[in-house]
Amino acid sequence: MKTLILGASGATGKLVVLQLLERNLSARIVVRETAVIPAKITGNKNIEIVKGNIDDLTTDQIQKLMLDCDSIVCCLGHTISFKGIFGKPYNLVANAVKKITDAASSFDTVKKFVLMSTTAYTNKKQGEKNTFGEKLIFSLLKIVLPPHKDNIFAGDHLVYGLEAAGRIEWVVVRPDSLFDEENQSEYEICELKTRSPVFNPGRTSRINVSHFMAELLVNDILWQKWKYKTPVIYNKDCRER
Ligand SMILES: NC(=O)c1ccc[n+]([C@@H]2O[C@H](COP(=O)([O-])OP(=O)(O)OC[C@H]3O[C@@H](n4cnc5c(N)ncnc54)[C@H](OP(=O)(O)O)[C@@H]3O)[C@@H](O)[C@H]2O)c1
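Reading the values: the criteria
- What you see as residue numbers is a count from 1 along each chain, following the sequence as written.
- Local features in a predicted model are, by the rule used here, given only for residues with pLDDT of at least 70; side-chain atom pairs are given and counted only at 80 or more, and totals for whole chains, interfaces and linings are based on all residues.
- The numbering of helices and of strands both runs from the N terminus, where a helix is a DSSP run of H or I of at least 4 residues and a strand a run of E of at least 2.
- We compute the radius of gyration over the C-alpha atoms and compare it with the globule rule, which gives 2.2 Å times the number of residues raised to the power 0.38.
- Counting other C-beta atoms within 10 Å of its own, a residue is labelled buried from 20 upward, exposed at 12 or fewer, and partly exposed in the gap between, with every C-beta atom placed from the backbone.
- Contact definition: two residues whose C-beta atoms, as placed from backbone geometry, lie within 7 Å.
- Only the contacting stretch of a helix is used when fitting its axis, a line to C-alpha atoms as for every element, and angles between N-to-C directions run 0 to 180 degrees.
- Each angle gets one of four labels, with under 35 degrees taken as roughly parallel, over 145 as roughly antiparallel, 65 to 115 as roughly perpendicular, and the rest as oblique.
- Here a crossing is taken to be left-handed if its near helix is turned anticlockwise relative to the far helix by less than a right angle, and right-handed if that turn runs clockwise.
- Relevant arc is that of directions from the helix axis to the C-beta atoms, nothing else.
- By definition, a residue lies near a molecule or strand when the C-beta atom built from its backbone is within 6 Å of it.
- Each residue is assigned to one of three groups, with Ala, Val, Leu, Ile, Met, Phe, Trp, Tyr, Cys and Pro labelled nonpolar, Asp, Glu, Lys and Arg labelled charged, and all others, Gly among them, labelled polar.
- Joining buried Ala, Val, Leu, Ile, Met, Phe, Trp, Tyr and Cys residues through C-beta atoms within 7 Å gives a set, and that set is a nonpolar core.
- Two strands pair if DSSP finds at least two bridges between them.

This part covers the overall build of the chain. Assigned secondary structure in the chain consists of nine helices and 10 strands. Computed over its C-alpha atoms, the radius of gyration of the chain comes to 17 Å, within 12% of the 18 Å expected for a compact globule of 241 residues. Here the chain, with 241 residues, has 41% of them falling under the buried criterion. Counted over contacts in the chain with a minimum sequence separation of 6, partners at least 24 positions apart contribute 76%.

Printed below as a string of C-alpha cells:
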C-alpha cells in the first residue's frame, strides 16, 4: 500500500510518515525545497520525496502523483507566522483538497483520503450546532483569520460536495488544541464535538492524530466506521479538565 502525503514536513505530517513506516508501508511525500525532514524519513527506501510547492501544482500534476497511491493524507496547514497566516496562498488546504478530488474522478479505482482539519470546523450536516458565543467568535475568525476560512472551505468541499462521488472515500479528522508528546497515549474518537473548542477546548497530541490516521488507512473496519464522517479526536487525559 502506498500513500501520498501532503504537508509531510509539518509537525503532524512527519509523524504520519513515521507511523506508515512502522507499519512497513510506503509513501510519496511532497515537500517544499526549504522543508526540513528527519533523516529517518529521508534515508528510508520506502519513502519517495518529491520537491515542490503543492499550491503551484496543477490538477494533472497531482493526478500523476496520486496514480499509484491507494490513499492520500493531507496535513497541510498555514505556518504560524504573519506571512503564513495573512499572506498568500489564502486557500492552501482547500485548493489542495479540490485538486485531489478533481484528480480522483479520473481513476478507475477508489482512493482513500484523510484530511487533517480542526474542531473549529463545525459539521452542521451531521447536526452539530454552535452556541451563540461560538457563532460570534467563529464569524469574527472567518473575517480576521484566513486559515480558519480555509479550513471551513476544505471541510465543506468534502462534507457537502462529495459524499457519494464514487472515486474517493474520505475521512475528515478533527483534533482539538494540538500539542506534542513523545509517545502515543490513550485517545477517544467522537462523532461530534463533546467540548467547546472556544470556551472549553480539549487537547490532542499530534502523535495520536498520526496514529489514528495510519490506523484508518490499514484497518478497514475503522475506515468503514468513519468513512464520510468528521471524527473528533481528544486525548483521554483531557477528559477531566
Ligand atoms: N494548532 C492547533 O492547535 C490546531 C488544532 C487543530 C487543527 N489544526 C490544524 O492542523 C493542521 C496541521 O497542523 P500542524 O501543526 O501539523 O502543521 P505545521 O507543522 O504548521 O505543518 C504545516 C505543513 O503545511 C506546509 N505548508 C505551510 N504553508 C505552505 C505553503 N504556503 N505552501 C506549501 N506548503 C505549506 C508546511 O510546509 P513547510 O514545512 O515547508 O513549512 C508543513 O508541511 C493545520 O491545518 C491546522 O489548521 C491545528
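With that settled, consider the packing of helix H1 (residues 11-22) against helix H8 (residues 206-218). Between H1 and H8, the shortest axis-to-axis distance is 8 Å and the interhelical angle comes to 45 degrees. When the interaxial angle is binned, H1 and H8 end up oblique. Crossing of H1 against H8: the hand is right-handed. Residue-level contacts link Ala-11, Thr-12, Leu-15, Val-16, Gln-19 and Leu-20 of H1 to Arg-206, Ile-207, Val-209, Ser-210, His-211, Met-213 and Ala-214 of H8.

Attention shifts here to helix H3 (residues 59-66). Of all the positions in H3, only Ile-62, Leu-65 and Met-66 are classed as buried. The buried residues of H3 occupy an angular sector of 95 degrees when projected down its axis, which confines them to one face. Of the residues in H3, the exposed ones pointing more than 90 degrees away from the buried face are Asp-60 and Lys-64.

Around the ligand sit 29 residues in total, of which Ser-9, Gly-10, Thr-12, Gly-77 and Thr-118 are the nearest. Among the secondary structure elements, those contributing two or more residues to the shell around the ligand are H1, helix H5 (92-104), helix H7 (146-161) and strand E7 (177-179). Sorting elements by how many residues they give to the shell around the ligand places H1 first, with three residues. Classifying every residue of the shell around the ligand gives 12 nonpolar, 14 polar and three charged.

With that out of the way, let us pick up the nonpolar core. In this structure, Leu-6, Cys-74, Leu-115, Val-173 and Met-213 are the most contacted members of the largest nonpolar core, which totals 53 residues. By residue number, the principal contributor to this core is H5, which donates eight residues. Aside from chain neighbours lying at most four places away, what touches Leu-6 is Val-30, Ile-54, Cys-74, Cys-75, Leu-76 and Ala-96.

This next bit is on the sheet that holds strand E8 (residues 187-190). Across the sheet, eight strands lie side by side as E3-E2-E1-E4-E5-E6-E10-E8; this open sheet has mixed pairing. The sheet terminates laterally at strand E3 (47-51) and E8, the two strands that pair on one side only. Averaged over all pairs of adjacent strands, the angle between strand axes in this sheet comes to 20 degrees, irrespective of strand direction. Pairing of strand E5 (residues 111-116) with strand E6 (residues 168-175), which is carried by six bridges, proceeds in the parallel orientation. By the bridge assignment, Met-116 is partnered in E6 with Val-173. Set on the sheet, H5 makes contact with strand E1 (2-6), strand E4 (71-74), E5 and E6; between it and E4 the angle comes to about 170 degrees.

Within the element layout of this structure, Ala-39 appears in helix H2 (residues 39-42). You can call Ala-39 exposed: it has 7 C-beta atoms within 10 Å.

Between H3 and H5, the least distance of the axes is 9 Å, while the angle of their chain directions is 65 degrees. When the axes of H3 and H5 are compared, the pair comes out roughly perpendicular. When the axes of H3 and H5 are compared, the crossing they make is right-handed. Facing Thr-59, Ile-62, Gln-63 and Met-66 of H3, the residues of H5 in contact are Lys-99, Ile-100, Asp-102, Ala-103 and Ala-104. Tallied by class, residues from the contact of H3 with H5 come to five nonpolar, two polar and two charged.

Scope: geometric values only; no functional claims are made or implied.
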